[in-house]
Amino acid sequence: MAKVTELVARLAGPAVEAAGCELWDVEYVREAGSWYLRLYIDKEGGVDILDCEKISREVGALLDEADPIEGSYLFEVSSAGAERPLKRPEDFRRFMGSPVTVKLYKARDGRKEFAGVLAGYEDGAVTVTLGDQALTFTKEEVALCRLRVEF
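Not measured: the values here are computed from a predicted model. (Residues numbered from 1 in each chain as written. Predicted model: local features only at pLDDT ≥ 70, side-chain atom pairs only at ≥ 80, totals over all residues. Heavy atoms only, no water.)

> For unusual backbone geometry, give the residues involved together with the corresponding values.
For Asp109, which is not a glycine, the phi torsion comes out positive at approximately 55°. Secondary-structure assignment places Asp109 in the loop between β4 (99-108) and β5 (111-122). For Asp109, a relative accessible area of 72% gives the class exposed. (Helix = DSSP H or I, 4+ residues; strand = E, 2+ residues; numbered from the N terminus. Buried < 20%, exposed > 50% of the residue type's maximum accessible area, 1.4 Å probe, protein only.)

Written out as structure tokens, the structure reads:
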């Protein structure tokens, strides 16, 4: 059986695209004793509250009709955010050359966090440049890789 997030992505994808947005991610998580279903969306020029509201109404109705989740949950739609996590290979390709922060499960050279420029991605391994130094982190080392906004 498919995971809840995969089922919801298939159900929501066409409605999100029809609204002129891209479905960035779907989360189904338990927090503080409640289940949350979250859609993260993106579009050229950025997402606004009206995009979130429209997609929430449309996808909410689809979820009510299809009823793919047993039990109750809270449904949220929001922007993927400027410092969004990169998860899929296409995310890494799209943002190659962008500033990122890589967080590790275990410290390397006394650090668990590295800020640099995304320079490569292959089979889950992430390469970032820090000045003139390139560091590659294996898939097993990387807890999170997200875009970083520089001011």
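> Just give me the short version of the side chain of Arg38, but keep the residues and values in it.
With respect to the helices and strands, Arg38 occurs in strand β2 (residues 34-42). You can call Arg38 buried: its relative accessible area is 11%. A distance of 2.9 Å separates polar atoms of two side chains, one belonging to Arg38 and the other to Glu31. Those residues in contact with Arg38, other than ones at most four positions away along the chain, are Asp25, Val26, Glu27, Val29, Glu31 and Glu76. (Polar contact = N/O pair within 3.5 Å; in protein donor to acceptor, adjacent residues only side chain to side chain. Contact = heavy atoms within 4.5 Å.)

> Before we move on, can you summarise the sheet that holds strand β8 (residues 142-147) with the specific residues and values?
The 5 strands are arranged β7-β6-β5-β4-β8 in an open sheet whose pairing can be described as antiparallel. Edge positions in the open sheet fall to β7 (133-137) and β8, since each of these has one partner strand only. Neighbour to neighbour, the strand axes of the sheet diverge by 40° on average, direction disregarded. Here β4 runs beside β5; their pairing, made up of 6 bridges, is antiparallel. Among the inter-strand pairings, Val100 is bridged to a residue of β5, identified as Gly116. (Pairing = 2+ DSSP bridges. Axes fitted to C-alpha atoms, helices over the stretch in contact; angles between N-to-C directions.)

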